[in-house]
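# What the coordinates show
Spelled out, the chains give:
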Amino acid sequence: MQSNKIAIGRLKNADASVAARFFKGALKTLPYYSPETRDDIALYSSKNLRKDLKDRNLILLVVKDDKKIIGFISASSHKATGWIDYVLVDPNYRHRGIASSLIRNTERAMKRSTHKIWVDTSPDNLKAIKLFRKLGYKEIARLGRYHNQDKIIWEKSL
Ligand SMILES: CC(C)(COP(=O)(O)OP(=O)(O)OC[C@H]1O[C@@H](n2cnc3c(N)ncnc32)[C@H](O)[C@@H]1OP(=O)(O)O)[C@@H](O)C(=O)NCCC(=O)NCCS
């Protein structure tokens with residue numbers, strides 16, 4: 001992350017509606033946008049994000065360039081295992097280490113209570129596959145037609 005104005009931090013209540021708009025916009029550009037993905041837009045509404053901020057098992061981080069949200073990650077932990085639900089970076093800011101930074105910060109935040117972290121990708125999402133491999137995630141399973149899409153499940157021990 002090069003600019004001085006670019007900073008990573010926990011999502012704040014005041015940014016919930018901007019984050020919901022960022023999430024919706026970013027999701028619509030995905031090649032694997034589907035009815036199931038569309039349901040997720042409702043899950044990440046500003047109202048739900050504000051509620052999620054009170055949930056100690058959820059990690060919601062954003063990267064901002066000044067006041068603009070350019071990256072977002074949501075992850076959840078349950079009984080010593082964690083799951084990265086979404087990591088999204090503004091197309092104008094990609095390949096500059098923003099997703100890597102969001103994931104590393106999530107891993108650090110989870111490390112005390114979590115021993116394993118999982119994430120899924122589509123087998124076609126080569127950028128995400130490269131990203132998770134580079135950060136030490138190992139493929140542990142392939143699910144056919146899970147939520148109508150094939151999925152690779154990745155795991156990293158923390
Ligand atoms: C996948 C995604 C999150 C990567 O974000 P990013 O900030 O560009 O990723 P980083 O800059 O941290 O890149 C880390 C590594 O990922 C891979 N990568 C990222 N962008 C890439 C590209 N355009 N081409 C090839 N590899 C790429 C590389 O291995 C890269 O390491 P390198 O810079 O040393 O080559 C981003 O492309 C995105 O938002 N995609 C849409 C949402 C999505 O697919 N999310 C993942 C599943 S939830």
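Residues numbered from 1 in each chain as written. Predicted model: local features only at pLDDT ≥ 70, side-chain atom pairs only at ≥ 80, totals over all residues.

Scanning the protein chain for helices and strands turns up five helices and seven strands. Along the protein chain, helices and strands appear, N-terminal first, in the series β-α-α-α-β-β-β-α-β-α-β-β. Over its C-alpha atoms the protein chain spans a radius of gyration of 15 Å, differing by no more than 12% from the 15 Å that the globule rule assigns to 158 residues. In terms of its C-alpha atoms, the protein chain occupies a principal-axis envelope of roughly 40 × 35 × 30 Å. Contacts in the protein chain between residues at least 24 apart in sequence constitute 60% of all its contacts with a sequence separation of at least 6. (Helix = DSSP H or I, 4+ residues; strand = E, 2+ residues; numbered from the N terminus. Rg over C-alpha atoms; globule rule 2.2 N^0.38 Å. Contact = placed C-beta atoms within 7 Å.)

Right, let's talk about the pairing of strand β5 (residues 116–121) for a bit. By the bridge criterion, four bridges tie strand β4 (residues 81–89) to β5 in an arrangement that is parallel. Bridging across to β5, W83 finds its partner in W118. The handedness of the β4 to β5 crossover, carried by helix α4 (residues 98–111), is right-handed. Bridge count between β5 and strand β7 (residues 149–157): six bridges; the pairing is antiparallel. The residue bridging K116 from the neighbouring strand is S157, located in β7. (Pairing = 2+ DSSP bridges. Right-handed = clockwise from strand over helix to strand, strands pointing away.)

Bringing the nonpolar core into the picture now. As a rule of thumb, soluble globular proteins bury nonpolar side chains together. The biggest cluster of nonpolar side chains holds 33 residues, and the ones touching the most others in it are A19, F72, I73 and L102. Elements with a contribution of two residues or more to this core: α1 (16–28), β2 (58–65), β3 (68–78), β4, α4, β5 and α5 (126–134). Contacts of I73, omitting those with residues within four sequence positions, involve L61, I84, Y86, V87, L102, I103 and T106. (Core = buried A, V, L, I, M, F, W, Y, C linked by C-beta atoms within 7 Å. Buried ≥ 20, exposed ≤ 12 C-beta atoms within 10 Å, placed from the backbone.)

Within the fold, N48 resides in helix α3 (residues 46–52). Between the C-alpha atoms of N48 and L30, which are 18 residues apart in sequence, the distance is 22 Å.

The next subject is the site of the ligand. Inspection of the region around the ligand gives 19 residues, with R94, A99, S100, K130 and L131 positioned closest. Of all the secondary-structure elements, those providing two or more residues to the shell around the ligand are β4, α4 and α5. In terms of residue count, the dominant contributor to the shell around the ligand is α5 (five residues). Of the residues belonging to the shell around the ligand, the class tally is nine nonpolar, five polar and five charged. (Near = placed C-beta within 6 Å. Nonpolar A, V, L, I, M, F, W, Y, C, P; charged D, E, K, R; others polar.)

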